[in-house]
Amino acid sequence: MKIAVVEDDEITRRIMHRFLVQLQHEVAPYSSGEEARDNFDTFHPDIILLDANLPGMSGMDLCHWIRRSSKHVQTFVIFVTSRDKSSDLQELLDSGCDDYLAKPLNLDLLRVRLLIAEKQVRRIVERKQAQDALSLSEERFRRLVESTKVVPWEMDPDTLRYSYVGPQGTDLLIYPSADWLELGFIEKIILPEDRDATLSALRRQVELNKPDLALEYRLMAATGNTVWVRDVITLDKTAGGGEILRGFILDITDRKKAEEERIRASKLESIGVLAGGLAHDLNNILLIIGGNIMLAKEAGENGQSFAALLGEAQKAVDRAAKLSQQLLTFAKGGDPIKKPTLLQTLVEEPLTAHLRNSSITAVHEIDPQLWPCVVDENQIAQVFSSIVSNAREAMPGEGTLYIRASNVHLDADPAKGIDAGKYVKLVFRDSGTGFDEAIKQKIFDPYFTTKPHAAGLGLTTAYSIVKRHRGIICADSEKGRWAEFCVLLPADPLATPATTLVGGDHTAFKPGTGRVLVMDDEKSIRSLLMRMLVELGYDVEVAADGDEALHIYTTAKDRGKSFDVVILDLTLANGPSGEEVMASLLKIEPQVKGIAFSGYSNSPVIANYKDYGFQASLRKPFQLTELSRCIAGLISHPL
């Protein structure tokens, strides 16, 4: 480092000179401020040790001169002074110095302060070099990009502040160029709905050191208009070795409007098909239920048996329940009730059910080391069942269904909705009639089907289920030769699959004894559940809302007649929800056993009931056998 020592005391000046030379610095000693000023352009020091109390041109005068000089403004100034009053020291700092040392001089302290100064000077030099290098290419870069229609920009990766935006930015959003360079301007112009995702993607690009990124998001112009843009972003290096974000913004508003119009038309078509198919199915079910009930009433009046008629009505109710569950899964709900599972165990059942008594051969190629997946067994089995059923219908005579299952590693692909990670890939390929590109585009739409007797909800539900498992399902085909469905589900190689215990009659009633509290705001449901449970042998009380349920529970507890089980509807029209009532009951009695039930399958409480203090959950509509076994199981197993 080049260091100037400006000190009128000769002994002090020699001591500092000798000490600095020992530290291998290049030193120029001066006895006055005027001498140092006159030689500044010749020596050009990086650091100056400056006596504050010089005769003639004082240290503060010289410091003011340095700071006013464009050539020397970055020189690091350290005052050496015998002043010790805080007001004097503040005056020195206000004059523009970077640091100060008190006399008598402590050489060890001087060494430390010089180390700090050297680091600062090096940073300044590096920054200056980077600025010089950038300025050499800046004009050429600007002439190039400013002639294009896209908006070129540069940004500080730490603050996400624009440091340069081409004049096209003003044309795009009507904001003046100066506004673009303000801190926080990017947050101001990105639409609130897109802001968090866009800024998070930018920050992730910097954190993960990803060189390239392409984003599509919406900006708000100064006029209030929304502008769709595609932003192609590069994480680059500056001449000084630092990082900088550079990009080009392209206006894609017209393209997005055309896409939205196509999607809107497609949705309207799908809704029309859905409404027609749903009405058809419900009318058939209602006809079966109503007709059999009328026949049962007539048979009862004539003293005839009507059990078979009620059985047919029950089958229709089961069909309606299945239809309702499919629609809920497709629309909003069905939070998967997940557990570690080997997917190959879920493939066998639909193969047996759908290919039995057919001339279709199933060929397996399943990796024996297939990773477990954390899934809802029932929902994923429903996916495989829909695919296998579709394959059988595509091969009315003989045919072959190939099933391949393997472990794969995937990179992130935002366009396809794929996160990076480990997946299990299942491919179902049949040798049937296949389908063309037009059918491929609609194959997962609700109630879309090419089969005369199919409902058209199977693959729609399968698509919804796989998406809720953060997976991917896609279809491909060669018309007249084959069709293929591919399912990708996130894997968890370290998970331990649960063992399924088979045995027992799950269709039998399970009578019992004990006290049960039922809460539901639907009077007919309260009455029905009370009759069901009394028939099973339980002592039952009912509540129409949360406040009444809490009152009944606390009153019974005070009388020493606590309830063994509480059954709570999660969604009530008024008052606290079932979830809130359960939280209150747990405060009253931590050992309370609760069953959550709801007709809305998108409730997270149904899927993760233990997280909310419940011991079990049921989805409406449920069978009396399900309810009886659930209550009996809770009463017989203490917490």
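Residues numbered from 1 in each chain as written. Predicted model: local features only at pLDDT ≥ 70, side-chain atom pairs only at ≥ 80, totals over all residues. Heavy atoms only, no water.

Observations concerning the overall build of the protein chain
Here's step 1: Helix and strand counts for the protein chain stand at 21 helices and 22 strands.
Here's step 2: Taken across its 639 residues, the protein chain has 40% of its residues classed as buried.
Here's step 3: Nonlocal contacts in the protein chain, meaning residues at least 24 apart in sequence, comprise 63% of its contacts between residues at least 6 apart.
Here's step 4: Only carbon and sulfur atoms are counted for the fraction: they give 52% of the accessible area of the protein chain, which is about 34,600 Å². (Helix = DSSP H or I, 4+ residues; strand = E, 2+ residues; numbered from the N terminus. Buried < 20%, exposed > 50% of the residue type's maximum accessible area, 1.4 Å probe, protein only. Contact = heavy atoms within 4.5 Å. Areas by Shrake-Rupley, 256 points an atom, 1.4 Å probe, with all protein chains shown as cover.)

Describing the nonpolar core
In globular proteins that are soluble, nonpolar side chains generally tend to be buried together.
Here's step 1: In terms of nonpolar packing, the biggest core is built from 38 residues, with Leu343, Val383, Leu401 and Phe428 touching the most fellow members.
Here's step 2: For this core, the secondary-structure elements that each account for two or more residues are helix H13 (344-355), strand S13 (373-375), helix H14 (377-394), strand S14 (399-410), strand S15 (421-430), helix H16 (458-468), strand S16 (472-478) and strand S17 (482-490).
Here's step 3: Tallying contributions element by element places H14 first for this core, with six residues.
Here's step 4: Tyr175, Trp180, Leu215 and Val227 belong to the second-largest nonpolar core, a separate cluster that totals 29 residues. (Core = buried A, V, L, I, M, F, W, Y, C linked by side-chain atoms within 4.5 Å.)

Focus on the pattern of salt bridges
Here's step 1: For the structure shown, the criterion picks out 22 salt bridges.
Here's step 2: A salt bridge links Arg122 to Glu118; the nearest nitrogen and oxygen atoms lie 3.7 Å apart. Remark: Glu118 and Arg122 occur in helix H6 (residues 107-145); sequence separation between them is four residues, near one turn of the helix.
Here's step 3: You can call Glu118 buried: its relative accessible area is 11%.
Here's step 4: A salt bridge links Arg515 to Asp539; its shortest N-O distance comes to 2.8 Å. (Salt bridge = Lys/Arg side-chain N within 4 Å of Asp/Glu carboxyl O.)

Some points on the confidence of the model for the protein chain
Do not read the predicted coordinates in detail wherever pLDDT is low.
Here's step 1: Within the protein chain, residue pLDDT values average 84, and 88% of them lie at 70 or more.
Here's step 2: Confidence over residues 499-506 falls short of pLDDT 50; this stretch has four contacts with residues more than four positions distant or in other chains. (pLDDT = per-residue confidence, 0-100.)

Overview of unusual backbone geometry
Here's step 1: Here Lys103 and Pro104 are connected by a cis peptide whose omega angle stands at -5°.
Here's step 2: Position of Pro104 relative to the elements: it lies in the loop between strand S5 (99-102) and H6.
Here's step 3: Positive phi outside glycine occurs at Leu160, with the angle close to 55°.
Here's step 4: Looking at the element boundaries, Leu160 is found in the loop between strand S6 (151-156) and strand S7 (161-165).
Here's step 5: With relative accessibility at 2%, the residue Leu160 sits in the buried group.
Here's step 6: In this model, Ile174 sits at a positive phi of 70°, which is unusual for a non-glycine residue.

Comments concerning helix H21 (residues 624-636)
Here's step 1: For H21, which comprises 13 residues, the first-to-last C-alpha distance of 18 Å matches the rise-based estimate of 18 Å (1.5 Å per residue) to within 8%.
Here's step 2: Taken as a whole, H21 has its buried residues at Leu624, Thr625, Leu627, Ser628, Cys630, Ile631, Ala632 and Leu634. (Expected span 1.5 Å × (residues − 1).)

Some words on the side chain of Arg13
Here's step 1: One can find Arg13 in helix H1 (residues 10-22).
Here's step 2: Buried charge without a salt bridge: Arg13, with Glu10 as the nearest opposite-charge side chain at an N-O distance of 4.9 Å.
Here's step 3: Within the local environment of Arg13, its side chain forms a polar contact with the backbone oxygen of Glu7, the two atoms lying 2.5 Å apart. (Lys, Arg positive; Asp, Glu negative; His and termini not counted. Polar contact = N/O pair within 3.5 Å; in protein donor to acceptor, adjacent residues only side chain to side chain.)

Thoughts on the packing of aromatic side chains
Here's step 1: Inspection of every chain in the model, using the stated rule, returns nine aromatic pairs.
Here's step 2: Centre to centre, the rings of Phe40 and Trp65 are 5.6 Å apart; their planes meet at 75°, and the pair counts as edge-to-face. Of the two residues, Phe40 sits in helix H3 (residues 40-43) while Trp65 sits in helix H4 (residues 59-68), which places them 25 residues apart along the sequence.
Here's step 3: Centre to centre, the rings of Phe384 and Phe428 are 5.6 Å apart; their planes meet at 40°, and the pair counts as tilted. In this pair, Phe384 sits in helix H14 while Phe428 sits in strand S15, placing the two residues 44 residues apart along the sequence. Pair check on accessibility: Phe384 and Phe428 agree, each one buried.
Here's step 4: Members of the aromatic cluster, joined through ring pairs, are Trp153, Tyr162, Tyr175, Trp180 and Phe185.
Here's step 5: Here the guanidinium or amino end of Lys2 rests over the ring plane of Phe43, the centre of that ring lying 4.9 Å away.
Here's step 6: If you follow Lys256 out to its NZ or CZ, it ends over the ring of Trp228, 4.5 Å from the centre. (Phe/Tyr/Trp six-rings, centres within 6.5 Å; stacked < 30°, edge-to-face > 60°. Lys NZ or Arg CZ within 6 Å of the ring centre and 35° of its normal.)

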